[in-house]
Amino acid sequence: GQQLNQSPQSMFIQEGEDVSMNCTSSSIFNTWLWYKQDPGEGPVLLIALYKAGELTSNGRLTAQFGITRKDSFLNISASIPSDVGIYFCAGPDWGNNDMRFGAGTRLTVKP
Amino acid sequence: EPEVTQTPSHQVTQMGQEVILRCVPISNHLYFYWYRQILGQKVEFLVSFYNNEISEKSEIFDDQFSVERPDGSNFTLKIRSTKLEDSAMYFCASRGPRQGLGKLFFGSGTQLSVL
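Each value, and the rule that gives it
Residues numbered from 1 in each chain as written. Chains lettered and ligands numbered in written order. Predicted model: local features only at pLDDT ≥ 70, side-chain atom pairs only at ≥ 80, totals over all residues. Heavy atoms only, no water. Pairing = 2+ DSSP bridges. Helix = DSSP H or I, 4+ residues; strand = E, 2+ residues; numbered from the N terminus. Axes fitted to C-alpha atoms, helices over the stretch in contact; angles between N-to-C directions. Salt bridge = Lys/Arg side-chain N within 4 Å of Asp/Glu carboxyl O. Disulfide = S-S within 2.5 Å. Buried < 20%, exposed > 50% of the residue type's maximum accessible area, 1.4 Å probe, protein only. Contact = heavy atoms within 4.5 Å. Buried area = accessible area lost by both parts, 1.4 Å probe. Polar contact = N/O pair within 3.5 Å; in protein donor to acceptor, adjacent residues only side chain to side chain. Nonpolar A, V, L, I, M, F, W, Y, C, P; charged D, E, K, R; others polar.

Draft legend 1. Spatial organisation of the sheet that holds strand E7 (residues 65-68) of chain B. Residues and elements named next belong to chain B. Reading across the sheet, the 4 strands line up as E1-E3-E8-E7 and stay open at both edges, with antiparallel pairing between neighbours. Strand pairing shows two members of the sheet lacking a second neighbour, strand E1 (5-7) and E7, which therefore form its edges. Adjacent strand axes in the sheet meet at a mean angle of 20°, parallel and antiparallel pairs treated alike. For E1 and strand E3 (residues 19-24), the ladder comprises 3 bridges, and the chain directions are antiparallel.

Draft legend 2. Focus on the pattern of salt bridges. For the coordinates displayed, the defined rule picks out 3 salt bridges over all chains. In this structure, the salt-bridge partner of glutamate 44 of chain B is arginine 36 of chain B, at a minimum N-O distance of 3.2 Å.

Draft legend 3. The environment of glutamate 59 of chain B, seen in detail. Looking at the element boundaries, glutamate 59 of chain B is found in the loop between strand E6 (53-57) and E7. For the pair glutamate 59 of chain B and valine 47 of chain B, spaced 12 residues apart in sequence, the C-alpha separation works out to 9.5 Å.

Draft legend 4. Representation of the state of the cysteines. Within this structure, the stated rule accounts for 2 disulfides over all chains. Cysteine 23 of chain A shares a disulfide with cysteine 89 of chain A; S-S distance 1.8 Å. Remark: cysteine 89 of chain A occurs in strand E9 (residues 85-92) and cysteine 23 of chain A occurs in strand E3 (residues 19-25); sequence separation between them is 66 residues. Of the two residues examined, cysteine 23 of chain A and cysteine 89 of chain A, each falls in the buried class. Between the sulfur of cysteine 23 of chain B and that of cysteine 92 of chain B lies a disulfide, 1.9 Å long from S to S. On the S-S bond that ties cysteine 23 of chain B to cysteine 92 of chain B, the torsion sits near -65°, and the link is left-handed. One end of the pair, cysteine 23 of chain B, is in strand E3; the other, cysteine 92 of chain B, is in strand E9 (residues 88-95), and 69 residues separate them in sequence. Classification of cysteine 92 of chain B as buried rests on a relative accessible area of 0%.

Draft legend 5. Just the interface of chain B and chain A, in detail. If you look at the interface, chain B gives 20 residues, while chain A gives 22 residues. Interface of chain B and chain A: buried area, both sides summed, is about 1800 Å²; carbon and sulfur atoms make up 56% of it. At the boundary of chain B and chain A, one finds 0 salt bridges. Summed over the shared surface of chain B and chain A, the number is 3 residue pairs in polar contact (both at pLDDT 80 or more). Mapped onto the side of chain B that touches chain A, the elements with two or more residues apiece are strand E4 (31-37), strand E5 (43-50), E6 and E9 of chain B. At 4 residues, E4 of chain B tops the list of elements feeding residues into the side of chain B that touches chain A. In terms of residue class, the side of chain B that touches chain A is made up of 10 nonpolar, 6 polar and 4 charged.

Spelled out as structure tokens, the structure:
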């Protein structure tokens, strides 16, 4: 199946800073998704991207679907303490009815 | 807002015992999934279910695992003879008929501990 490589693995930032994380794949995806997981909870969809080059925002979050369809980034502007959690990129496995997740970026925001 | 509910939130069992993890997907959803997450690791696909049958399963989903939708509302994952390495958080997810593959709604998970 297709592999998703997410970086960085973890980030420690001060409240108010901007954050950027990305996800790459060795093969093409037609959909890129970004999820957030709070401790003890299931992943929650933040942003879905369906077209190469698409740039989509959800509040302070912005995500882009790379032109090559092999990468995506997620930016968080003016971080706040509740942004703490694990951010996963995900995409459908080609030809299969399932979705694969990256290993996640663990974000810590210091007040 | 409708949500996926999972019970129990925590399950402790002895190695070799059978466990059943229960999920109630969102009511008009047609596609159902089980994922698991070993502590500190990524979310891994186990199985997808549509139209009362398995549509995909991963290499993790071996003969010890089975899924069922017994009554039109519940969606269960059974592990027949648990192993220590089955300890993980198990997430159920569902999506609706007109939603893209990515728009999965996840439950809060069942933390399974095998002793």
